[in-house]
Amino acid sequence: MLKSIKPGSHSWRKAFSVNNLNLRDFHTKSSCLLDPVRVIVSQSNNPYFNLATEDYLFSIDKEALEYPTLFLWRNDKTVVIGKHQNPFKECNLARMEQDDVNLVRRRSGGGAVYQDMGNSIFTFLSPKESYSKELNFKILMESLNNGFNINSELSGRNDLILSDCKRKISGSAFKQGKDVCFHHGTMLLNLDTEALQKYLTPHKLKLQSKGVASVASRVCNLQTVCPTISHDKFNEELIRAFCSRYGQTASSVEIENVNESYFSNNQSWKNFYDELSDKEWNYGLTPDFSNNIETKFDWGLVDLHIDYKAGKIANVKMYSDVLFPVFVEIVEEGLVNNDFSKEGIDNFESWTKERIKLLPNIDDASKEILTNFSKQLSSWIQFKDCITNIEKIYPKKITHEVLQNITKLEKVNYVDIAAIRIGDEGASMIGQMKQLTYLDISFTGISYNGMRSIGQLTNLTQLIFSSDDYENYSAPKGVTVAIHLRNLKKLTHLDITYNEIGDEGSQFISELLNLTYLEMPNNQLRNEGFKMISKLENLTHLNISNNDFNCESMKHLCELKNLTSLEAFNTGITSNDVKLIANHLKYLTELDLSCNDIGNEGAKYVSELKQLQSLQLAQTNLDSEGVKYLVRLDQLTDLDVSENSIDAERCKYLNEMKQLEELSI
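Residues numbered from 1 in each chain as written. Predicted model: local features only at pLDDT ≥ 70, side-chain atom pairs only at ≥ 80, totals over all residues. Heavy atoms only, no water.

## As for the overall build of the chain
For step 1, the next point in the chain: When helices and strands are counted, the chain shows 22 helices and 27 strands.
For step 2, the next point in the chain: Sorting the 665 residues of the chain into buried and exposed places 54% on the buried side.
For step 3, the next point in the chain: The contacts of the chain with a sequence gap of at least 6 include a subset with a gap of at least 24, amounting to 64%.
For step 4, the next point in the chain: Split by element, the accessible area of the chain, about 29000 Å² in all, is 46% carbon and sulfur. (Helix = DSSP H or I, 4+ residues; strand = E, 2+ residues; numbered from the N terminus. Buried < 20%, exposed > 50% of the residue type's maximum accessible area, 1.4 Å probe, protein only. Contact = heavy atoms within 4.5 Å. Areas by Shrake-Rupley, 256 points an atom, 1.4 Å probe, with all protein chains shown as cover.)

As structure tokens, then:
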């Protein structure tokens, strides 16, 4: 077993003599560096404690200037975001608060990660002259291979993946100081992967660039390939590999165990703790409204929020997972006070180039990388003509005065004000923006009177008006909403979840013949309503969840021959309805029939839909016999058969579905 000593003791130094070998002297796997090392293990699961300790070791602790250090820790349920990320976009904050999940903004760059007790965390700290992230990755891969016979490899920007299935098991981020560098990351042992979907909301541009449907489909817990691995065992193997790389044995190294009492009289450490646990630091201040432009580069996501006044950029907030936090700070500083023009952006690029040259503690290669980032960013802004042709608005909070200013932006065609209580007066102002093509007014307190103004925006192609504000409506509430929407003939995408338009309201929706995408859950639809919807022959996506089916309803929907995606969660669909789907909706690639009693017979009919790629059959009264039929779906990559009576023995059928990327049982 590895030894431990009382906190604060540093007797480990006595075991070593300092050797001047540099990392560049390392050539082969059998070669060893001879250097004293330091190992610290946290006994706390408090994320603010652990991150404060990491920052203290990096910024204050003098011994990190002298010796390679390994700090090992793990956190209770926590979402950690990068220094310049936007928590309102990266996280589901409402669910996090409900489930007591911590939010912490670290002081380094990178993306958002979810952590819990099934997630081990490591930090390598090194003197700058001997820092090598390549060596650190070799140590990680060796610890997995030697201790658990797990083969892994480096992928992309700084992830470790399993060599066979190519799924991510570890992610890393990096930071350089004047004299010290650190490399920290996570190792997935038994992480609650469902929590990834619950608490993280990765940007659509990231998901599109990776060609996958969800966060969970990209990761893998190591306990699924090695059931014996645990946090303590992983730490032991990592310490062994770390010490070995520097020519030492783990048994000769004394471990420093740290907890809250360790730093009880250390004011420098307390300053880090107070900052990291501060609400303003973690959530940040948001302006009244911002012009928003965003894109994805090879080096990271860029989400720019720009306020302007009198023709000049007055304020800039940049959210990004770029691994150089200083680049974000340079962009935010450099854009301010420039004109909304090509000349202004050219000035920004020139200033940025000179500013990067003067950066301390950054090597020339990194400066060249940052200069290239700046060129790409400037070119993109000018290509988009973002400054002179603002296209998208994402206000964070609204007064009527601010809303009036927004309505004066004549080139804006995209407005997202979901969950901002603008009411009918605000709707009247938005109704003046005749150029709008996209509008999200979900949960905004708009009543049917306000929808009269929205109904005048005849250039809209996409409208989202999900609502739970029942008290704001007067009978016949849903029907009136639908009446006001009937004039929006250019609509291709419409979401009217929870509006209770009923069968009568469906008649007016059926006049929107250009619709290809329609969300109508919780609208009290019955047979006549489905008959009306069946007139929308261009539909490719339809969600009619939580409405009431009868024996004739599916016959009507089977007229929609172009459907590729159908969501019918909790509608009362039976196996006979599924038979109709299989016979008539042959092009479906996505199907959700969860919470419907279709049984094994329904699963048999589902198996005839050979194009299916995503299938949700949670709580559908399946057993193991039903699962056998699903094996026929060789295009399926996403399958949910949870909350059914499927015994472990019969789950072996699922082993034949090698193409699956995501499975819930």
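## Remarks on the side chain of Asp303
For step 1, the next point in the chain: Here Asp303 lies in strand E14 (residues 300–309).
For step 2, the next point in the chain: Here His305 takes part through its side chain, which lies 3.3 Å from a polar atom of the side chain of Asp303. (Polar contact = N/O pair within 3.5 Å; in protein donor to acceptor, adjacent residues only side chain to side chain.)

## As for the pattern of salt bridges
Oppositely charged side chains may form a pair once their charged atoms are brought near each other.
For step 1, the next point in the chain: In the structure shown here, the tally under the stated rule is 18 salt bridges.
For step 2, the next point in the chain: Notably, a salt bridge pairs Glu153 with Lys166, separated by 3.1 Å at the nearest N-O pair. Within this pair, whereas Glu153 is found in strand E8 (residues 152–155), its partner Lys166 is found in the loop between strand E9 (159–162) and strand E10 (168–176), the two being separated by 13 residues in sequence.
For step 3, the next point in the chain: In this structure Glu153 comes out as partly exposed when scored by relative accessible area, which is 27%.
For step 4, the next point in the chain: Since its relative accessible area comes to 46%, Lys166 is described here as partly exposed.
For step 5, the next point in the chain: Between Glu237 and Arg240 there is a salt bridge whose closest N-O contact spans 3.1 Å. A residue pair is termed a helical-turn pair when its members lie 3 or 4 positions apart in one helix, as Glu237 and Arg240 do in helix H7 (residues 231–245) at three residues.
For step 6, the next point in the chain: Given a relative accessible area of 18%, Glu237 falls into the buried group. (Salt bridge = Lys/Arg side-chain N within 4 Å of Asp/Glu carboxyl O.)

## Looking at empty space enclosed by the protein
For step 1, the next point in the chain: The tally for this structure, following the rule as stated, stands at four cavities of 30 Å³ or more.
For step 2, the next point in the chain: Within this model, the largest cavity holds a volume of roughly 70 Å³.
For step 3, the next point in the chain: Only helix H2 (87–90), E14 and strand E15 (312–320) provide two or more residues apiece to the lining of the largest cavity.
For step 4, the next point in the chain: Class assignment of the residues belonging to the lining of the largest cavity gives a composition of two nonpolar, five polar and four charged.
For step 5, the next point in the chain: When residues of the lining of the largest cavity are sorted by domain, at least three fall in each of domain 1 (38–283) and domain 2 (288–388). (1 Å grid on protein atoms, 1.4 Å probe; cavity = no way out; pocket = protein on both sides within 12 Å on 5 of 7 lines; lining within 4 Å. Points joined across faces, edges and corners; volume = space filled by probe spheres on them. Nonpolar A, V, L, I, M, F, W, Y, C, P; charged D, E, K, R; others polar. Domains from an automatic or database assignment.)

## Observations concerning the pairing of strand E12 (residues 255–258)
For step 1, the next point in the chain: Burial along E12 is two-sided: the residues Ile255 and Asn257 and Glu256 and Val258 are all buried.
For step 2, the next point in the chain: Where strand E2 (residues 38–42) lies against E12, four bridges are found, and the strand directions are parallel. Within the sheet, the bridge partner assigned to Val41 lies in E12 and is Asn257. (Pairing = 2+ DSSP bridges.)

## Description of the packing of helix H4 (residues 133–148) against H7
For step 1, the next point in the chain: Running from N to C, H4 and H7 point in directions that differ by 125°, and their axes come no closer than 8 Å. For the element pair H4 / H7, the angle class is oblique. Considering only the axes of H4 and H7, their crossing is right-handed. The residues of H7 that touch H4, namely those facing Leu135, Lys138, Ile139, Leu140, Glu142, Ser143, Leu144, Gly147 and Phe148, are Lys233, Phe234, Glu237, Leu238, Ala241, Phe242 and Arg245.
For step 2, the next point in the chain: Per-class residue counts for the contact of H4 with H7 are nine nonpolar, two polar and five charged. (Axes fitted to C-alpha atoms, helices over the stretch in contact; angles between N-to-C directions. Parallel < 35°, antiparallel > 145°, perpendicular 65-115°, else oblique. Left-handed = near helix turned anticlockwise from the far one by under 90°.)

## Some remarks on the sheet that holds strand E6 (residues 113–115)
For step 1, the next point in the chain: Spatially, E5-E4-E6 is the arrangement adopted by the three strands of the open sheet, whose pairing is mixed. Among the strands making up the open sheet, the edge pair consists of strand E5 (102–105) and E6. Taking the axes of each pair of neighbouring strands and ignoring which way they run, one obtains an average angle of 25° across the sheet.
For step 2, the next point in the chain: Where strand E4 (residues 78–81) and E6 come together, three bridges link them in antiparallel fashion. Along E6, the bridge assignment pairs Val79 with Tyr114.
For step 3, the next point in the chain: The sheet contacts of helix H1 (residues 47–59) involve E4 and E5, and relative to E5 the element is tilted by about 15°.

## Concerning helix H14 (residues 423–430)
For step 1, the next point in the chain: The complete set of buried residues in H14 reads Gly423, Gly426, Ala427, Met429 and Ile430. Looking down the long axis of H14, one finds its buried residues gathered within 160° of arc, a one-sided arrangement. (Arc of directions from axis to C-beta.)

## Thoughts on helix H17 (residues 502–509)
For step 1, the next point in the chain: When H17 is considered as a whole, its buried residues turn out to be Gly502, Gly505, Ser506, Phe508 and Ile509. On an axial view of H17, the arc spanned by its buried residues comes to 155°, and they lie on one face.

## Here's the deal with the side chain of Asn50
For step 1, the next point in the chain: Counting through the fold element by element, Asn50 comes out in helix H1.
For step 2, the next point in the chain: Residue class for Asn50 comes out buried when judged on its relative accessible area of 0%.
For step 3, the next point in the chain: Here Ser42 takes part through its side chain, which lies 2.6 Å from a polar atom of the side chain of Asn50.
For step 4, the next point in the chain: A polar contact is formed between the side chain of Asn50 and the backbone oxygen of Ser44, at a distance of 3.1 Å.
For step 5, the next point in the chain: Apart from residues no more than four positions distant in its own chain, Asn50 is found in contact with Ser42, Ser44, Asn45, Phe71, Trp73, Arg74 and Asn75.

## Side note on the confidence of the model for the chain
For step 1, the next point in the chain: Put simply, the chain has an average pLDDT of 82, and 83% of its residues get 70 or more.
For step 2, the next point in the chain: Within the chain, the lowest mean pLDDT, 31, falls on strand E1 (residues 4–5), and the highest, 97, falls on strand E3 (residues 69–73).
For step 3, the next point in the chain: The low-confidence segment residues 1–33, where pLDDT is below 50, has 70 contacts with residues more than four positions distant or belonging to other chains.
For step 4, the next point in the chain: For residues 468–476, every residue scores under 50 in pLDDT, and the model assigns this stretch 20 contacts once sequence neighbours within four places are set aside. (pLDDT = per-residue confidence, 0-100.)

## Re unusual backbone geometry
Most peptide bonds adopt trans geometry, and most residues besides glycine take a negative phi value.
For step 1, the next point in the chain: Of note, the phi angle at Asp100 is positive, near 60°, even though the residue is not glycine.
For step 2, the next point in the chain: Secondary-structure assignment places Asp100 in the loop between helix H3 (93–98) and E5.
For step 3, the next point in the chain: At Asn361, a position not held by glycine, the phi torsion is positive, near 65°.

## Topic: the packing of aromatic side chains
For step 1, the next point in the chain: On inspection of all chains with the given rule, the structure shows 21 aromatic pairs.
For step 2, the next point in the chain: Ring geometry for Phe324 against Phe373: centres 6.3 Å apart, planes inclined by 70°, an arrangement best described as edge-to-face. Of this pair, Phe324 sits in the loop between E15 and helix H10 (325–335) while Phe373 is found in helix H12 (residues 364–384), placing the two residues 49 residues apart along the sequence.
For step 3, the next point in the chain: Residue class for Phe324 comes out buried when judged on its relative accessible area of 18%.
For step 4, the next point in the chain: In textbook terms, an aromatic cluster arises when at least three aromatic residues are bridged by ring pairs, as seen for Tyr48, Phe49, Tyr56, Tyr262, Phe263, Trp269 and Tyr273.
For step 5, the next point in the chain: One cation-aromatic arrangement involves Lys133 over Phe174; the distance from NZ or CZ to the ring centre is 4.6 Å. (Phe/Tyr/Trp six-rings, centres within 6.5 Å; stacked < 30°, edge-to-face > 60°. Lys NZ or Arg CZ within 6 Å of the ring centre and 35° of its normal.)

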